[in-house]
Amino acid sequence: MEKLIVNGGSRLCGLVKTVSAKNAVLPILAASVMSDGEITLLECPQITDVKVMLDILKRMGCDIHIEQNGSVKINSQSAYLSQVPQNISKELRSSIFMMGSILSKFKKAVVSYPGGCEIGLRPIDFHVKGLRALNVNIKEEDGYIFCDGSKMCGGFVHLDYPSVGATENIMMAATLIRGVTVINNAAKEPEIVDLANFINTLGGKIKGAGSDKIEITGVKKLHGGTYKCIGDRIFAGTMLLAGAMTKGELEIEGINYNYLQPLVSKLRESACKIDCFNDKIYMYCKNRLKAIRLTATMPYPGFPTDLQAPLMSSLTTADGTSIIVENLFETRFKHVPELIKMGAEITVKDRVAIVDGVSSLHSAEITAKDLRGGAALVLAALTAEGTTSINEINHIDRGYVSIEKTLNELGAKIKRITV
Ligand code: UD1
């Protein structure tokens, strides 16, 4: 078992290069199954979630090569299995995206209920309802979902809520079938646009991604191609917050700042100086952060739930009282008791957290409970007095490539040890 040992008190300064977005890479890997040619995915981050997804593809019979330069080559022509092995799909919620792509390719699929971060109920009813609108016959039995797509055709899907995963799943399912599919009230996240661009690069016909109405015209086949995913706005946002709370100075490269507007506007409210250029964000923070009156998580372009925990860490030592409302997931405050162990003053009632800024945090032995909450604890430890020990960092490794290496290059003092 590994843990991080963080010596707090360093000011973070320097250049951060953004990696490809986890939430773009995962559905794009799932979509690769639909292609009849070879896919080259450039700069594919070797985070645990990606490794698990590649393992799923291998077990389905795809040929996978990870190149020295970080590219991944996927050849799905040899894929024969229309089932995602249960033990492995439990590790990764994104394995549910396989349902759409497998169905599109094989016109049948068996997947088990997905795993991933335990941040609430995370049902899949929107996915199921959407696929049924494409004439898929779905039965749920003993933790498995059996899909018969032999009569699949385009259809009209109205999502009750703009679910990211359901939008992506339905987009994929509709790619290789007869007819036109319309998704109404679709999610608008940049990663949805990236998935549509990827599928279109291979010869797919998807229009309207990024708006609330997406139209997919089914095509007979997808060819191969080379693709580079968009930069990770959540990674970039985590780094911006780490810089802000350590009174640092950072240049973040490889990110479209429009994707981070919700965070940038909050940081400006909190007294950080931020300049945005085409694919670069420059951040400078000299003074103690100011409290932010209200932050409520929302679907894109609202404030992202994935940055809620890192933002909360930064507000624990801000001047004044901040209120955070988590609208997306029921149990996404698991980092709160850990922050309290470090001296933070936070009160939670249902989906609302009230953060009373303290002058400083102190070291403690704390435990990561989920991916973004875990990253938030690393940020808190950077400002804490003394040496903080963080357990169960496997959660953090799901979405950050050696978080300690990235932060140490900016001046942090973090060690990864095996216990
Ligand atoms: C994706 C992201 C995740 C992010 C989330 C919200 C990936 C791999 N993961 O997750 O990092 O936190 O978007 O931006 O891209 N819901 C239902 N029924 C469904 C589907 C969803 O009730 O069938 C609910 C969920 O429980 C949640 C809300 O809808 O409360 C949003 O979920 P969704 O947008 O689907 O998130 P994910 O795709 O799972």
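A brief look at the structure comes next. Please read all numbers here as calculations on a predicted model, not as lab measurements.

### Describing the packing of helix H6 (residues 164–173) against helix H7 (residues 190–201)
A pair of packed helices can be characterised by two numbers: the angle between their axes and the separation between those axes. Close contact between H6 and H7 brings their axes to 10 Å; oriented N to C, the two are set at 10°. One element, H6, and the other, H7, form an angle in the roughly parallel class. The segment H6 lies against H7, with Val164, Thr167, Glu168, Met171 and Met172 engaging Glu191, Ile192, Leu195, Ala196 and Ile199. Residue classes in the contact of H6 with H7 are distributed as seven nonpolar, one polar and two charged.

### Remarks on the pattern of salt bridges
The tally for this structure, following the rule as stated, stands at 20 salt bridges. Here Arg351 makes a salt bridge to Glu330, at a shortest N to O gap of 3.9 Å. With Arg351 in the loop between strand S19 (345–349) and strand S20 (352–356) and Glu330 in the loop between strand S18 (321–325) and helix H11 (336–341), this residue pair connects regions lying 21 residues apart in the sequence. With its nearest N and O atoms 3.1 Å apart, the salt bridge here joins Lys341 to Glu338.

### Thoughts on the sheet that holds strand S8 (residues 144–148)
An order of S6-S8-S7 is seen for the three strands of this open sheet, with the pairing classed as antiparallel. The open sheet has two free edges, formed respectively by strand S6 (108–112) and strand S7 (137–141), since each of these has just one partner strand. Ignoring strand direction, the axes of neighbouring strands in this sheet form an average angle of 15°. Pairing between S6 and S8: five bridges, direction antiparallel. In the strand pairing of S8, Ala109 is matched with Cys147.

### Thoughts on the nonpolar core
Grouped together as the largest cluster of nonpolar side chains are 137 residues, with contacts concentrated most on Met98 and Leu407. Setting aside its immediate chain neighbours within four residues, Leu407 contacts Leu12, Met239, Ala242, Val378, Leu382, Ala412 and Ile414.

### Digging into the site of the ligand
Near the ligand, the surroundings consist of 19 residues, among which Asp125, Phe126, Ser163, Asp306 and Leu328 are the closest. Within the side chain of Ser163, a nitrogen or oxygen atom sits 2.6 Å from an oxygen atom of the ligand. With respect to the ligand, the side chain of Asp306 contributes an N or O atom lying 2.6 Å from an oxygen atom. Those elements that place two or more of their residues in the shell around the ligand are helix H5 (125–133) and H6. For the shell around the ligand, a count of residues per class yields eight nonpolar, six polar and five charged.

### Considering the sheet that holds S20
The strands making up a sheet are joined through hydrogen bonds of the backbone, oriented either antiparallel or parallel. Reading across from one edge, S17-S18-S20-S19 is the order of the four strands in this open sheet, with mixed pairing throughout. Looking at strand neighbours, the two that pair on one side only are strand S17 (294–296) and S19, the edges of this open sheet. On average, each strand axis in the sheet is inclined to that of its neighbour by 15°, with strand direction left out of account. Where S18 and S20 come together, five bridges link them in antiparallel fashion.

Reading the values: rules and limits
Residues numbered from 1 in each chain as written. Predicted model: local features only at pLDDT ≥ 70, side-chain atom pairs only at ≥ 80, totals over all residues. Heavy atoms only, no water. Axes fitted to C-alpha atoms, helices over the stretch in contact; angles between N-to-C directions. Helix = DSSP H or I, 4+ residues; strand = E, 2+ residues; numbered from the N terminus. Parallel < 35°, antiparallel > 145°, perpendicular 65-115°, else oblique. Contact = heavy atoms within 4.5 Å. Nonpolar A, V, L, I, M, F, W, Y, C, P; charged D, E, K, R; others polar. Salt bridge = Lys/Arg side-chain N within 4 Å of Asp/Glu carboxyl O. Pairing = 2+ DSSP bridges. Core = buried A, V, L, I, M, F, W, Y, C linked by side-chain atoms within 4.5 Å. Buried < 20%, exposed > 50% of the residue type's maximum accessible area, 1.4 Å probe, protein only. Near = heavy atom within 4 Å. Polar contact = N/O pair within 3.5 Å; in protein donor to acceptor, adjacent residues only side chain to side chain.

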